[in-house]
Amino acid sequence: MSRSTAAMRMAARAMIETDRLLGVTDVPGAVGASVSENAVAAPVPEATSTAPVTDTEGSNPPRPLPAPAIDPVSLDEDVVAALERLESLHAERCGHCTNSTTHRSVVFGDGDPHASVMFVGEAPGAEEDRTGRPFVGPAGELLDRMIESVGLSREGVYIGNIIKVRPQENRTPSPDECEVCGPWLLAQIAVIRPRVVVALGATPTKYLLQTTTGITRLRGCSSRIRIGDFSVPVVPTFHPAYVLRQYTPEVRRAVWEDLKQAVAISGED
Ligand code: URA
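Throughout what follows, the structure given in this document is the object of discussion. Keep in mind it's a predicted model, so treat the numbers as computed, not measured. (Residues numbered from 1 in each chain as written. Predicted model: local features only at pLDDT ≥ 70, side-chain atom pairs only at ≥ 80, totals over all residues. Heavy atoms only, no water.)

Now for the site of the ligand. As a structural note, the neighbourhood of the ligand is formed by Gly121, Glu122, Ala123, Pro124, Glu128, Pro134, Phe135, Asn161 and His239. Interatomic distance of 2.7 Å between a backbone N/O atom of Glu122 and an oxygen atom of the ligand. Compared with its free state, where it exposes 240 Å², the ligand has 91% of that area covered by protein. A class-by-class count of the residues in the shell around the ligand yields four nonpolar, three polar and two charged. (Near = heavy atom within 4 Å. Polar contact = N/O pair within 3.5 Å; in protein donor to acceptor, adjacent residues only side chain to side chain. Areas by Shrake-Rupley, 256 points an atom, 1.4 Å probe, with all protein chains shown as cover. Nonpolar A, V, L, I, M, F, W, Y, C, P; charged D, E, K, R; others polar.)

The following block contains the structure:
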């Protein structure tokens with residue numbers, strides 16, 4: 001293969017990955033496009049399981065969030081013990097992760113169980129599968145910098161994913177996989193009880209807000225979700241892997257503003 005063909009293939013792969021992280025069906029011309037403020041300014045009402053966010057594209061009305069996999073009240077009152085118990089129940093019972101045969105680690109989550117700010121990504125990648133910790137590859141390094149840029153520290157936040165084992169060949173988790181593994185994340189959120197959840201990219205945003213609206217429309221707008229008796233605002237922003245590919249001042253500023261908003265909501269500023 002010539003060098004130019006290899007370079008074109010690499011560029012094509014990067015573009016597909018960028019589309020995947022953005023949910024390109026919702027973002028006309030997203031490949032290579034920088035994000036303008038107008039493109040992201042549409043506000044959405046607060047979402048709850050009883051009155052979910054209006055789907056601003058009007059096609060599929062969002063559904064209520066499913067129930068958490070385990071009622072958090074049935075777990076230990078101590079958050080650390082409850083998270084440990086939840087982790088072992090997930091390892092025994094998750095209908096998605098127990099059926100995966102290709103992963104090395106179950107990447108349950110990491111950070112301060114008492115955190116005010118919780119970040120939710122999509123699924124572990126190769127480095128996360130190797131180490132058993134979320135966001136430790138290149139996207140994780142950028143996430144650490146993003147976290148520090150708004151005055152937080154990695155140790156002071158909690159980081160989890162919708163899907164807790166690495167999808168084969170890093171493919172996007174399907175909505176069905178999110179439906180099966182996602183309720184464990186909901187239980188995790190309800191145990192930690194953060195003051196705000198930051199959804200990183202299209203997949204967690206679509207699951208947590210039960211919407212088909214794209215991330216560029218939703219980012220920066222806080223929408224409240226309800227998990228049992230717990231309700232929490234969700235602030236969607238771009239996935240750090242997308243930021244790595246679109247390393248423009250506009251995209252970086254957009255993410256920084258989203259994170260500042262999340263920090264303000266959490267009262268940590
Ligand atoms: N991307 C994610 O969405 N989650 C991780 O844990 C790592 C990369």
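On the surface, Asp76, Glu77, Asp78, Glu84 and Glu87 cluster together to form a negatively charged patch. Judged by relative accessible area, Glu87 falls into the partly exposed class, the value being 37%. (Patch = residues over 30% accessible without salt bridge, like charges linked within 9 Å, V, L, I, M, F, W, Y side chains within 5 Å. Salt bridge = Lys/Arg side-chain N within 4 Å of Asp/Glu carboxyl O. Lys, Arg positive; Asp, Glu negative; His and termini not counted. Charge placed at Lys NZ, Arg CZ, Asp CG, Glu CD. Buried < 20%, exposed > 50% of the residue type's maximum accessible area, 1.4 Å probe, protein only.)

Attention now goes to the environment of Arg224. Mapping Arg224 onto the fold places it in strand β5 (residues 223–227). Residue class for Arg224 comes out partly exposed when judged on its relative accessible area of 26%. For Arg224, the side chain forms a polar contact with the side chain of Ser231, separated by 2.9 Å. (Helix = DSSP H or I, 4+ residues; strand = E, 2+ residues; numbered from the N terminus.)

Right, let's get into the packing of aromatic side chains. For any pair of aromatic rings, geometry is given as the distance between the ring centres together with the angle between the planes. One pass over the structure, following the stated rule, counts one aromatic pair. Taking 4.9 Å as the distance between ring centres and 45° as the angle between the ring planes, the aromatic pair formed by Phe238 and Tyr242 counts as tilted. Judged by its relative accessible area of 1%, Phe238 is buried. Lying across the ring of Phe108, Lys164 places its NZ or CZ 5.4 Å from the centre. (Phe/Tyr/Trp six-rings, centres within 6.5 Å; stacked < 30°, edge-to-face > 60°. Lys NZ or Arg CZ within 6 Å of the ring centre and 35° of its normal.)

Take the pattern of salt bridges next. Applying the stated criterion across every chain yields a total of eight salt bridges. Residues Arg171 and Glu177 are paired through a salt bridge, measuring 2.9 Å at the closest nitrogen-oxygen approach. Measuring nitrogen to oxygen at the nearest pair gives 3.6 Å for the salt bridge that ties Glu257 to Arg253. Of this pair, Glu257 and Arg253 both sit in helix α10 (residues 249–266), four residues apart, which is roughly one turn of that helix. Accessibility expressed as a relative area gives 32% for Glu257, which makes it partly exposed. Three or more residues joined by partner-sharing salt bridges are found here, namely Asp110, Arg133, Asp144 and Arg154.

What follows deals with the packing of helix α3 (residues 79–93) against helix α6 (residues 175–192). Two numbers describe how α3 lies on α6: the axes approach to 10 Å, and their chain directions differ by 170°. The pairing of α3 with α6 is recorded here as roughly antiparallel in orientation. Mapping the contact onto sequence places Val79, Ala82, Leu83, Leu86, Leu89, His90 and Arg93 in α3 and Cys181, Trp184, Ala187, Gln188, Val191 and Ile192 in α6. Within the contact of α3 with α6, the residues separate by chemical class into 10 nonpolar, two polar and one charged. (Axes fitted to C-alpha atoms, helices over the stretch in contact; angles between N-to-C directions. Parallel < 35°, antiparallel > 145°, perpendicular 65-115°, else oblique. Contact = heavy atoms within 4.5 Å.)

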